[in-house]
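Structural overview for review
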Amino acid sequence: MPSIEAWLTGPGGGAAISTNRRTISSLESRVRKFILDHNLAHAPHPLVIGVSGGPDSLSLLYALHRLSPKLGLLLHVAHFNHALRGPASDSDADFVKAQSESLGLPFSTAKEYVKSLPAGHSQSLEEKAREARYNFLAQVAAEQDALGIAVAHTADDQAETVLLHLIRGTGLRGLVGMKPVSEAASVSGHPFTLFRPLLDITRAQTEAYCQALDLEPRLDHTNLLPDTLRNRVRLELLPQLRQYNPRISDSFIRLAESASLDLSFIQSQVDEISANLLERGESGLCISRRKLSEIHLALRRRVLSKALESMSGSPIDIEAVHVEAIDSLLTADTGAKLDLPKGILATLDYNALILTSLRAIHPHPPLPEVGHPIKVPGRTLLPGWKITAVVEDSPSTVPDPDPYSALFDMDRLPGPLIIRRRQPGDRFTPLGMSGSKKLQDFLTDTKVPRHLRDSIPIVLSGDQIIWVVGHRPSDHTKLNPTTQRTLRLTFERSNPKASET
């Protein structure tokens, strides 16, 4: 760490000393305010700092370290080597390690050849690098039981982000840009909190801070190449816009702050509506078409956006155009479908809009059209299913919460058990009802997508349906005070190639 003399004395004499002091004090006072505002001072857990070696992250590292004695911060430095620039990438890693050692801070690093990583749908190299970086940072945070991860996004990054969202097409959320604090989860599933202490500080101020402390940050020359959209915005578009408004970056930042305030209120309304509107079923989310049509268009689209986020686990890749496409789907014919990012399928099914994650669907071989016998007691294997039947002479009266396990009064079963797929004209009496109901109507009411209905096992005793597996048993064979013997049926998913033994 540079000595006090090194950064107070130097070319320029007293004027330079005064300027350096103001520069250092200005940035550190704002970082200190961020730490206090977000209750990070004197916490018992460390804060992971993502450091690339550039002026922004180096400023964040030194500001936090210099503030740590009085604020009681525990710091852990993390650097991810994307291996995108050959020897220069390795030199960056060595530089950050040396800085950490000079400050006496623990250091974690990882190297991954991002270019060789498999890409998701329409995923750019920049997006792959970001995903790999946050996956690493989240892993370090989990290993260290950290408060979260501090990253060095600046006001300039915020302006670029808002402008990028405008270019790609966005709603109010895109105008918010990055938040000072946000919750996320890595691809590997590690949740983490992201802190951005420099979000109201410009890139010029971080460069001045480094100069005032006599630091020599690493420079990534790929940031000067117009080979990505963000670089072109930074190097070409923003300089042109400054010809019309020299403070255009400030305008984008004020826009983000205003949008954030408005969105906070709107989101509170959306959360309240969504709690009463979104129903999660086995296959995904079900949303009433009628109820959706009764709310204002602005709120309706936000409810749909929230539903998409709930299905995908992240707002990344969910854009306004996707939400508008689902909204338009609501007026289409029943059965209409729409493929969406993150493997989500939107299906219009009678009175409901159904969002299904294709990644979560595990198709099974077709169930038999004619009845296949179930061993009672015993085990029956079918392609995709293992069925266990247990007869209990001392019956349990406590139902199993697992929808793939059910209890029946053994002595009220009208005949041998068989399993098959649904057939036209099927009827049964769902548990809790007194009259029979068409199976088709039952599946519609329970919002089971049509493309999944033939894969639902139907259990019959004789010619009477006693269980729609995973959904509801029959009322006719339920347990009652006179029950002497209980049959417990349990269905488990198995290797589709399994056969009865």
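Structure shown above.
Residues numbered from 1 in each chain as written. Predicted model: local features only at pLDDT ≥ 70, side-chain atom pairs only at ≥ 80, totals over all residues. Heavy atoms only, no water.

1. Examining the pairing of strand β13 (residues 378-382)
- Sheet topology places β13 next to strand β14 (residues 385-392); five bridges connect them, and they run antiparallel. Pairing of G378 across the sheet is with A389, part of β14.
- From the end of β13 to the start of β14, which pair antiparallel, there are two residues, and G384 there has a positive phi angle of about 95 degrees. (Pairing = 2+ DSSP bridges. Helix = DSSP H or I, 4+ residues; strand = E, 2+ residues; numbered from the N terminus.)

2. A few points about the environment of I465
- Relative to the assigned elements, I465 resides in strand β20 (residues 464-468).
- Here I465 falls in the buried class, since its relative accessible area comes to 4%.
- Once the C-alpha coordinates of I465 and H476 are considered, the two residues, eleven residues apart in sequence, prove to be 9.5 Å apart.
- When residues no more than four places from it in sequence are discounted, the contact partners of I465 are D426, R427, F428, I458, V459, L460 and S474. (Buried < 20%, exposed > 50% of the residue type's maximum accessible area, 1.4 Å probe, protein only. Contact = heavy atoms within 4.5 Å.)

3. Remarks on the side chain of S68
- Relative to the helices and strands, S68 resides in helix α3 (residues 55-71).
- Aside from chain neighbours lying at most four places away, what touches S68 is L73 and L75.

4. Considering the packing of aromatic side chains
- All told, the structure shown has seven aromatic pairs when counted by the stated rule.
- Summarising the aromatic geometry, the rings of W467 and F491 are spaced 5.4 Å apart at their centres and angled 85 degrees between planes, so their arrangement reads as edge-to-face. One end of the pair, W467, is in strand β20; the other, F491, is in strand β22 (residues 486-493), with 24 residues separating them in the sequence. The same class applies to W467 and to F491, which are both buried.
- Among the aromatic side chains, those forming a connected cluster through ring pairs are W385, Y404, F408, W467 and F491.
- Its end group placed over the ring of Y134, R133 keeps NZ or CZ at 5.6 Å from the ring centre. (Phe/Tyr/Trp six-rings, centres within 6.5 Å; stacked < 30°, edge-to-face > 60°. Lys NZ or Arg CZ within 6 Å of the ring centre and 35° of its normal.)

5. A few points about the pairing of strand β15 (residues 405-409)
- Most of β15 is tucked away: five of the five residues are buried.
- Here β15 shows two buried faces, one formed by S405, L407 and D409 and the other by A406 and F408.
- Here β15 pairs with β22 via five bridges, running antiparallel. Looking at β22, one finds that L407 is bridged to R488.

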